[in-house]
Amino acid sequence: GSIRRRSTPWWHGRRERERLLSLAQAGTPRYVYRLPTVRARARALAAITAIDQRFYAIKANSHPAILRTLVEEGFGLECVSQGELQRVMATVPSLPHTKILFTPSFAPRSEYAFALEQGVIVTLDNVEALQNWGDLFRGKQLWLRVDLGRGDGHHDKVKTGGKTSKFGLPLVRLDEFLALARSLDITVIGLHAHLGSGVETPQHWKQVSDELGGIADQIGTIESIDIGGGLPIPYTAEDEPFDLDAWGAGLAEIKTAYPAYKLIIEPGRYLVAESGVLLSRVNQVVEKQGVRRVGGDAGMHTLIRPALYDAWHDVANLSRLDDVAEENFDVVGPICESSDVFGKHRRLPAATREGDVLVFADAGAYGYSMASTYNLRDLPAEEILEEGLDDVAAH
Ligand code: LLP
């Protein structure tokens, strides 16, 4: 069939390219996020009228400028740890706590206590929390995350549903949860499901919201239905851009079927992935028994997605972007581990050499936020590009 290619990435622009090369001079590895791209994605989601409220899952990228931008665009923020809650409250103190979700997994009692004190929206996903910490939750209004019995997503490791998954209350324990909640004078006012990340089919969310609507009708006290995040972005030239119109049309049908409930989403990747690139400076180019490898200062400690999920990120030589990329290289990092490979048989200019700047595309989501100091290497730097590209703020 015909392949609809993605539009040219923002970093191909001449001014942007020069700006990135000068930022690389200040040190690499370095993530750079372009805020106009974040705003554009935020506005595309805001145009979907079936959605009543939007939250941003800050685990994807918790850079303060990105949080401020998305709050300006009307988003609430979804957090999964006390650290994320504190980041949000310190960065956007004006955000009402009713626009903060707390959706942790196997969190300690102390973090739930902190979240309740702060008055943010707390989501539980198991009966045991009520059995063991009933005194903490007594009399509260809470949300409930359910497991719809299956997961979905770009890799097995990002599926968050089904029997083998640690997430969500299985429906076979719903009555038990509700009875215990009633005995503690708890009202369950929100119903949540997130089946995984990088889900390709727009109809997925329609199906999820349909199932949640049915469960909400049974429960009787639900005001909001949160259908999670998981929206994909096109990482490869063959990936189709996500069909937001089809997605919105499916959700509009659900809104008609269940008009009583507020429909809520909490995406991460979709909003920030394409805004970000990772810059890496080439350390060495090495030939070994027929394989040419180019290795820079970014590795699996900087961007772990390829090592962890076999994820694809386009790579280019920013110092020679106008040269023909004609030669096969394996692109690697400096970490002493065999999984420290960004990609095999990637086309780069034959002249690629020490000192060149490589750019890894679509690295704005789950890049810096998953970085580590493995091998005692430093965390990467981060940089923001504003509208005019002249207003660059270091972080
Ligand atoms: N809501 C909940 C409850 C989640 O667990 C997640 C992501 C999101 C929302 C946002 O999902 P998104 O819209 O970004 O797909 N590190 C992996 C992705 C893990 C996602 C974890 N939970 C990756 O790099 O692909």
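Residues numbered from 1 in each chain as written. Predicted model: local features only at pLDDT ≥ 70, side-chain atom pairs only at ≥ 80, totals over all residues.

- The name given to the chain in an unreviewed UniProt entry is Diaminopimelate decarboxylase, with the source organism recorded as Pseudoxanthomonas indica.

1. Here we look at the overall build of the chain
At step 1: Check the secondary structure of the chain and you find 12 helices and 18 strands.
At step 2: Scaling as 2.2 N^0.38, a compact globule of 395 residues should have a C-alpha radius of gyration of about 21 Å, and the chain matches this with 22 Å.
At step 3: Considering only C-alpha atoms, the chain reaches an extent of 70 × 45 × 45 Å along its principal axes.
At step 4: When each of the 395 residues of the chain is scored for burial, the buried share is 44%.
At step 5: At a minimum sequence separation of 6, the contacts of the chain that also span at least 24 residues come to 71%. (Helix = DSSP H or I, 4+ residues; strand = E, 2+ residues; numbered from the N terminus. Rg over C-alpha atoms; globule rule 2.2 N^0.38 Å. Buried ≥ 20, exposed ≤ 12 C-beta atoms within 10 Å, placed from the backbone. Contact = placed C-beta atoms within 7 Å.)

2. Focus on helix H1 (residues 14-25)
Each turn of an α-helix holds 3.6 residues, which means side chains three or four residues apart point in the same direction.
At step 1: The terminal C-alpha atoms of H1, which comprises 12 residues, lie 17 Å apart, in line with the 16 Å expected from a rise of 1.5 Å per residue.
At step 2: Of the positions making up H1, those classed as buried are Leu20, Leu23 and Ala24. All buried residues of H1 project into a common sector of 100° when viewed along the axis, lining one side. Those residues of H1 that are exposed and angled more than 90 degrees off the buried face are Arg14, Arg15, Glu18, Ser22 and Gln25.
At step 3: Along its buried surface, H1 packs onto strand E1 (30-34), strand E11 (276-288), strand E16 (357-360) and strand E17 (381-385). (Expected span 1.5 Å × (residues − 1). Arc of directions from axis to C-beta.)

3. A closer look at unusual backbone geometry
Trans peptide bonds make up the majority, and among non-glycine residues the majority have a negative phi.
At step 1: Note that the residue after Thr28, namely Pro29, is joined by a cis bond; omega there is -5°.
At step 2: Its place among the elements puts Pro29 in the loop between H1 and E1.
At step 3: Of note in this structure, Phe106 is not a glycine but carries a positive phi near 50°.
At step 4: Along the chain, Phe106 turns up in the loop between strand E4 (100-102) and helix H5 (109-118).
At step 5: We classify Phe106 as exposed; it has 9 C-beta atoms within 10 Å.

4. A closer look at the UniProt feature "active site" (unreviewed entry) in the chain
At step 1: Listed under "active site" (unreviewed entry) in the UniProt record, and renumbered for this structure, are Cys336.
At step 2: Note on placement: Cys336 falls in the loop between strand E14 (327-332) and strand E15 (341-348). (UniProt positions renumbered as here; feature names shortened; annotations may be inferred.)

5. Re the environment of Val341
At step 1: One can find Val341 in strand E15.
At step 2: Those residues in contact with Val341, other than ones at most four positions away along the chain, are Pro306, Asp330 and Val332.

6. A look at the pairing of strand E5 (residues 121-124)
At step 1: The alternating pattern of E5 places Ile121 and Thr123 on one face and Val122 and Leu124 on the opposite face, and all of these are buried.
At step 2: Taken together, the two bridges between E4 and E5 define a ladder with parallel strand orientation. Each bridged residue has a counterpart across the sheet, and for Phe102 the counterpart in E5 is Val122.
At step 3: Following the backbone out of E4, through H5 and into the adjacent parallel E5, one traces a crossover that is right-handed.
At step 4: Taken together, the two bridges between E5 and strand E6 (residues 141-147) define a ladder with parallel strand orientation. Following the sheet pairing, Thr123 is matched in E6 by Trp143. (Pairing = 2+ DSSP bridges. Right-handed = clockwise from strand over helix to strand, strands pointing away.)

7. Thoughts on the site of the ligand
At step 1: Close contacts around the ligand come from 21 residues, with Ser197, Gly229, Gly268, Arg269 and Tyr366 the closest.
At step 2: Put simply, the parts of the chain that give the shell around the ligand at least two residues each are helix H11 (269-272) and helix H12 (305-309).
At step 3: Along the lines of polarity and charge, the residues of the shell around the ligand split into eight nonpolar, nine polar and four charged.
At step 4: Of the residues that make up the shell around the ligand, three or more belong to each of domain 1 (36-269) and domain 2 (273-394). (Near = placed C-beta within 6 Å. Nonpolar A, V, L, I, M, F, W, Y, C, P; charged D, E, K, R; others polar. Domains from an automatic or database assignment.)

8. Some words on the confidence of the model for the chain
At step 1: Looking at the chain as a whole, its pLDDT mean stands at 95, while 96% of the residues score no less than 70.
At step 2: Within the model, pLDDT remains below 50 along residues 389-395, and this stretch shows 14 contacts once partners closer than five positions in the same chain are excluded.
At step 3: This prediction of the complex comes with two scores: 0.96 for pTM and 0.99 for ipTM. (pLDDT = per-residue confidence, 0-100.)

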